[in-house]
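Given next are the chains, with one letter for each unit.
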Amino acid sequence: MSIAIHFTDVIKKYGDTTVIPGLSLKIKKGEFFTLLGPSGCGKTTLLRMVAGFNSIEGGEIHFDDKVVNELAPQHRNIGMVFQNYAIFPHMTVKQNVAFGLKNKKLPKDEIEKRVDDILEVVQISQFKDTLPENLSGGQQQRIALARAIVIEPDVLLMDEPLSNLDAKLRVEMREAIKSIQRKVGITTIYVTHDQEEAMAVSDRIAVMKSGEIQQVGTPKEIYQRPENIFVASFIGRTNVLERQINRREDGSYRLHMDPSYHVSIKDIVWSKETNQETMMAKLSVRPEEFIIDDDESGMEGTILTSSFLGMNTHYLVELGDGEHVEIIQESILGDYLPAGTLVKLRIKKEKINVFDHNTERTMLGGRSK
Amino acid sequence: MINQGKKRDVWTTITLGILIIYGLVLIYPLFILFKESFVSGDRGTFSLEHFYKFFEKKYYYGALFNSLKVTVAVTISTVILATPLAYIMTTFKIKGKLFLQILILISSMAPPFIGAYSWILLMGRNGVVTNFMKDIFHINTPDIYGFTGILLVLTLQLTPLVYMYLMGALKGVDSSLLEAAESMGYTGINKMLRVVLPLIVPTLLAGSLLVFMRALADFGTPMLIGEGFKTMPVLIFNEFISEMGGDDGFAAAISVIVVVLALFVFLVQKYISNRKSFSMNALRPIKAKQEKGFKNVLAHIYVYGFIGLAILPQVYVIYTAFLKTSGRIFVKGYSLDSFRVAFDRAGDALVNTFTLGLIALFFVVLIAILIGYVTVRRRNILTNGLDIMSMVPYIVPGSVLGIALLLGFNNKPLMLSGTATIIIIAFVIRRLPYTIRSSAAIIHQINPSIEEASASLGASNLKTFFKVTLPMMLPGVISGAILSWVTIISELSTSILLYTAHTKTMTISIYTEVIRGNYGIAAALATILIFITIISLLIFFKLTGRKEVSL
Ligand SMILES: Nc1ncnc2c1ncn2[C@@H]1O[C@H](COP(=O)(O)OP(=O)(O)OP(=O)(O)O)[C@@H](O)[C@H]1O
Ligand SMILES: [Mg+2]
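Conventions adopted
Within each chain, residue numbers correspond to sequence positions counted from 1 in written order. Each chain gets a letter, beginning with A, and each ligand a number, beginning with 1, in the order they are written. Since the coordinates come from a predicted model, pLDDT governs what is reported: local features require at least 70, and pairs of side-chain atoms require 80 or more to be given and counted, while whole-chain, interface and lining totals use all residues. Think of the side-chain values as coming from all heavy atoms in the structure, minus any hydrogens and water. Secondary structure is summarised from DSSP: a helix means a run of H or I of at least four residues, a strand means a run of E of at least two, and numbering begins at the N terminus for each. Two residues qualify as a contact provided that any one of their heavy atoms is within 4.5 Å of a heavy atom in the partner residue. Using a 1.4 Å probe, buried area is obtained as the accessible area two parts lose upon being combined, added over both of them. Here a salt bridge means any side-chain nitrogen of Lys or Arg lying within 4 Å of a carboxyl oxygen belonging to Asp or Glu. By the criterion applied in these results, polar contacts are pairs of N or O atoms within 3.5 Å in which, for protein atoms, one can donate a hydrogen and the other can accept it, and in which residues neighboring in sequence qualify only through two side-chain atoms. Under the scheme applied, nonpolar residues are Ala, Val, Leu, Ile, Met, Phe, Trp, Tyr, Cys and Pro; charged residues are Asp, Glu, Lys and Arg; polar residues are all the others, including Gly. Proximity is defined per residue: any heavy atom of the residue falling within 4 Å of a molecule or strand makes that residue near it. To be clear on the numbers: accessible area is Shrake-Rupley with a 1.4 Å probe, and residue cover counts the displayed protein chains and nothing else. Where a domain begins and ends is set by an automatic assignment or by a domain database. Stacked, tilted and edge-to-face are the three classes assigned to paired rings of Phe, Tyr and Trp, where Trp is represented by its six-membered ring and a pair needs centres within 6.5 Å; plane angles under 30 degrees give stacked, over 60 edge-to-face, the rest tilted. Classification of residues uses two cut-offs on accessible area relative to the type maximum, computed with a 1.4 Å probe and protein chains only: under 20% is buried, over 50% is exposed, and between them is partly exposed. Whether a charge sits over a ring depends on NZ of Lys or CZ of Arg being within 6 Å of the ring centre and within 35 degrees of the ring normal. A helix is expected to span 1.5 Å multiplied by its residue count minus one. When DSSP finds at least two bridges between two strands, those strands are taken to pair. Angles run from 0 to 180 degrees between N-to-C directions of axes, and those axes are lines fitted to C-alpha atoms, restricted for helices to the stretch in contact.

*Asks:* Describe the side chain of threonine 320 of chain B, with residues and values.
*Replies:* Within the secondary structure, threonine 320 of chain B is located in helix H13 (residues 293-321). Every residue in contact with threonine 320 of chain B, bar those within four places of it in the chain, is listed here: Leu121, Phe330 and Ala523 of chain B.

*Asks:* Explain the interface of chain A and chain B to me, and be specific about the residues and the numbers.
*Replies:* Taken together, the contact pairs 24 residues of chain A with 24 residues of chain B. For the pair chain A and chain B, the summed buried surface comes to about 2,100 Å²; carbon and sulfur atoms form 57% of the total. Seen at the junction of chain A and chain B, the total is one salt bridge. For the pair chain A and chain B, the interface holds eight residue pairs in polar contact (both at pLDDT 80 or more). If you tally residues by element for the side of chain A that touches chain B, the top one is helix H2 (residues 93-103) of chain A, at three residues. Here the residues of the side of chain A that touches chain B sort into 14 nonpolar, seven polar and three charged.

*Asks:* Explain the site of ligand 1 to me, using residue names and the numbers behind them.
*Replies:* Residues and elements named next belong to chain A. As a structural note, the neighbourhood of ligand 1 is formed by Tyr14, Val19, Ser39, Gly40, Cys41, Gly42, Lys43, Thr44, Thr45, Glu160 and His193. One of the backbone nitrogen or oxygen atoms of glycine 40 is found 2.8 Å away from an oxygen atom of ligand 1. Starting from 630 Å² of accessible surface for ligand 1 in isolation, the protein chains cover 57%.

*Asks:* Pulling in residues and values, what's your account of the domain arrangement of chain B?
*Replies:* Residue and element names in this part refer to chain B. The domain architecture assigned to chain B consists of domain 1 (1-42 + 322-551) and domain 2 (48-109 + 147-290). For domain 1 versus domain 2, the distance between C-alpha centres works out to 21 Å. Across the contact, 36 residues belong to domain 1 and 40 residues belong to domain 2. Carbon and sulfur atoms supply 77% of the area that domain 1 and domain 2 bury against each other, a total of about 3,500 Å² over both sides. Linking domain 1 with domain 2 are zero salt bridges.

*Asks:* Please give an account of the packing of aromatic side chains that cites residues and values.
*Replies:* Taken as a whole and judged by the stated rule, the model has 30 aromatic pairs over all chains. Look at phenylalanine 113 of chain B and tyrosine 511 of chain B: their rings are 6.2 Å apart centre to centre, the planes differ by 80°, and that puts the pair in the edge-to-face class. With phenylalanine 113 of chain B in helix H5 (residues 112-123) and tyrosine 511 of chain B in helix H21 (residues 506-516), the pair connects residues that are 398 residues apart, well separated along the chain. Tyrosine 511 of chain B gets classed as buried once you look at its relative accessible area, which sits at 5%. Taken together through their ring pairs, the aromatic side chains of Trp11, Tyr373, Phe465 and Phe466 of chain B make up a single cluster. One residue, lysine 12 of chain A, lies across the ring of tyrosine 14 of chain A, its end atom 4.9 Å from the ring centre. Looking at arginine 147 of chain A, its charged tip hangs above the ring of phenylalanine 88 of chain A, at a distance of 4.5 Å from the centre.

*Asks:* Explain helix H4 (residues 97-109) of chain B to me, and be specific about the residues and the numbers.
*Replies:* Residues and elements named next belong to chain B. Compared with the 18 Å implied by 1.5 Å per residue over 13 residues, the 18 Å span of H4 between its first and last C-alpha is a close match. The set of residues buried in H4 consists of Leu100, Gln101, Leu103, Ile104, Leu105, Ile106, Ser107, Ser108 and Met109. Contact partners of the buried residues in H4: helix H3 (58-91), helix H7 (147-171), H13, helix H19 (461-489) and helix H22 (519-544).

*Asks:* Lay out the sheet that holds strand S12 (residues 253-258) of chain A with the relevant residues and their values.
*Replies:* Residue and element names in this part refer to chain A. Across the sheet, which stays open at both edges, the five strands sit in the order S13-S12-S11-S14-S20 with antiparallel pairing between neighbours. Edge positions in the open sheet fall to strand S13 (261-265) and strand S20 (353-356), since each of these has one partner strand only. Across this sheet, the average inter-strand angle for adjacent strands is 40°, counted without regard to direction. Note that S12 and S13 share five bridges and pair antiparallel. Pairing of arginine 254 across the sheet is with serine 264, part of S13.

What follows is the structure, given as C-alpha cells:
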C-alpha cells in the first residue's frame, strides 16, 4: 500500500511570484522523509502540492508510476495531519476517525474494528465517545494522526504537526509518531522547521531554502557532512572561519588556521580550473569540534565568557585576529576556565567541513561520508 | 481553497445556477423597470417624458426634496443619539443593562409603521397625550403629522441599528487606548470626542448608510403619519396604484431616480469608508465602570429616557389592543374583543405570514449559505459577480422592487403577479444581502484546513460541505435565520404592492385596518406580531447566549 513519490522539475507559482523554481526529488517507499527549512522556504507549499490542495505549474509529481498532477485530493488516497489538527468539532473522537472509512463505504463491523485498533495504537481509546473540544492538544493530535492513518493511505503528510504543543509533549509525540509510522510502514512526508525534531524522526531529510533543495540525506550525513555553508549553519550550530588552504607535493592539503598552527587534511577535491596552489576556503567547525588544550600547538585565543551548563561547558573565545568562536566542552570535575584565560585551540580535523570560498559548496570528497 | 488547479467543481455549477436565478428574478425585472421609465406611455417609443414630468411639477420633485430632507435628518439624528447611547452602555455600569439591550432590539425589530400609528394614537389630532395636554394644561402639543412625525418615528426606530453597529465597534477598542488618553489629560466628553469617536468613524459610516437606505425606502411611516408631506416611496406607490389607472412608466421613472440617488450615496459612502477603514482588535475590551453622582444619574436618565421613548409606541399599541371598542373608537374598560375580531378577520393573514414567511426563510437561508460559501471559499470572477448582484437589493427600496417585479412578471410565460411566489421572491431578495453577510462571516471563522482534512479523507466537495462545513455553520445559521424571520414578517413596502386577497400578510392587515380606522383590530394584530417578534428574539438569545445582535 505504501508508495514511492517522485518529483520532477516541479514548479509552483503564486501569480507572478515563483515559490518553487523547479524541484526534483525521490522519496522512497515506506520512508519517513522530512522537509526542513527556514520559514517561508516553501515546505508547506510543496506538501500541499502532494496533497492536491495546491495546483502545480510545471513538472510532474508521480505516486509510483502514476502522474497525480491533476488528481483531486479526494482521489489521492493520502492521509494528512494539519498543524491546527483540523479535528471535526461536531463529531466524537470515534466519528472523526471513522469519517474516512465511511467514505470508502467499508462494512460497518470492519469500520468498527479498524477504528478500535487504531485508537488503541495512538492510545486514546478511553476518549472514544467524547467530543474533541474537551481534549488536550496532544490528545487532539493523536486523533488527527489516527484519522489520517486509519484509512491506510498511500502516503502520510504532516505539516508541523507538533508546533502547537509544549516542549515536553512535543518530544513525547514525536516518538509516538515515529514508532507508529514504523509500525504501519507508510511513506511519510513530514514538514518542520525544528531541526532537532527532524533529526529525531526522519529516515532522510531534505533541507530547503527559497524553494530549492540544498541537500538530501540521512540526519547523520546532513549534520556531519553538509553540502554547503547554508546546511552547515542551519543544522546545529557552527563556526564559520575563512582560512587559506594549499596543496602540497605529497597530495595532502594544508589549512592555515593560525600563523603557528597548521592542519593537514586529505580528500579535498581541488577545483580543476584553479591552477593556483593556494586558495581561500570557508571552514565549518562545530563548537564540539574544538579541543582546548595548553599544548604547544593550536590557535591562540582568549576566553571571553564561560558558562557551565551541566553536562557541557560553553566558552566564547576570541582568536588572535579578533574572530569569535563558540566552543562546547564536556564539563570536567575541576574548575572550568574563567574569562581572560589564554588558551590554545586545536580542531578535530576529521570532523570539520571545508567549503569553496565562492560557491560555498563542500570541497570534501572521497572520504567516507 | 481546495485544488485551485481544477476550478470547475460542483460549486461552479451551483454558482452559475444562483446567478441565473438572480438574473431572472432581480436583474431582469429591474431592467424592465429601467426600460419602462424611458418609454413613452402613448407612443411606446424612447422618450424622456416621464423624467420631464417629474422635474416640471413641484408636486413631484418636491417629494424628492422631502425624501432627502427626511433621510438626511434621520441619519444625522440617529448618529447623534446612538453614539452617546453606545458609549454610555459600554463604559458605564447601567442598572438592568441586559433587559435594556433586549428592549432596544425589540424596539428596532417591529415594523416602523406600527410606531407611526401608535404615535398618532398618542400625539395625533385626537391622541391621548394631545387631549390630556389640551384639557388639563390648555397647551397645544406640536403637530405630529408630516416631517416631524416621520423624523420622530424613524429616528426612534433606526437609532438602535446604529447603536448595535457601534456596540460591535466599541468591543474592538482596547481599554489601554482610553487609559493612554486619560494619562494625556483627555477625560470625559473630551475623551469621547477626541479618542473614541475617531476610532468608530468607519462603523458610524456603515451604520449611517444602512439608516439612510432604510429611511429612504420606508413606505409605511410617511404613508400613515406624513399626510401632505409626501416622500418618494409614497409617490411611487400612489402613481402606480392610482385610482385613475396607474402610470407604470412614470412610477418606473420615479423608481429609477430613487435608485440613482441611493446608488450615489452608496458609492460615496464606500469611497469614504475605504479610505478610512482600519481594523481593530481588543485584547482587553473596555470594561463598564461604576460611576458616581451627577454623571451616573445623567447617564441613566439618557439611557432610560431614550429606550422608554423608543419602546413606548409598542407598549401603547399592546395596551390599546386590550381596550374595549365601540365601533371604531376606544371606550372605557378592557376586553379581548379586538383579538376575537382580529382572528376572525385576519386569521388567514396569520396563516399567510407563517407559510409565506417560512417558505421565504427556507430559501433565504439556503441561498445565503451557498452564496456565503462560494464567495468566501471560491473567490473568482463568477462568485464576485454573485456577491455584487446579491447586494443590489441593499440600494433598491422595497417599493421599487415591488414595481419591478410586477412589471417584469406581468405577462406569460412568467405570469407571477398575484401569486404567492412573487411575494416569496420579494421576501427572499430583500433579506438576502443581510443574511449572506452573516453567513459569510460564519464561514470566515471556520478554518479551511478542516475542509481539507475532509477532502484528504476522500470526501467529495459536496459531502465535505454537508457533513463538515454545514454542521459547523449551523448554530450561527440558525440564529441568523431567526433574525431574518423577524425582518421578513415585518416587511410591508414590497408586499403592499404585490399582495392579493389570498396572500395578505399580518403587516398588510394591520396597515389596512389602520387606514380604515379600525384601531382596535389593528392594535390586536400588531400585538400578535410584536409577540411573535419577541418570542423569536428570546429564542435567539437563548440559542446564542448573546445579548446583542449584529445585523
Ligand atoms: N496562497 C499564497 N499566495 C501567495 N503566496 C503564498 C501563498 N502561500 C504561500 N505563499 C508564499 O510562498 C512562500 C512559501 O510559503 P510556505 O507556506 O510554503 O512556507 P513554509 O516553508 O511552509 O514556511 P513556514 O515554516 O513559515 O510554515 C512564502 O514566501 C509565502 O509568502
Ligand atoms: Mg508552513
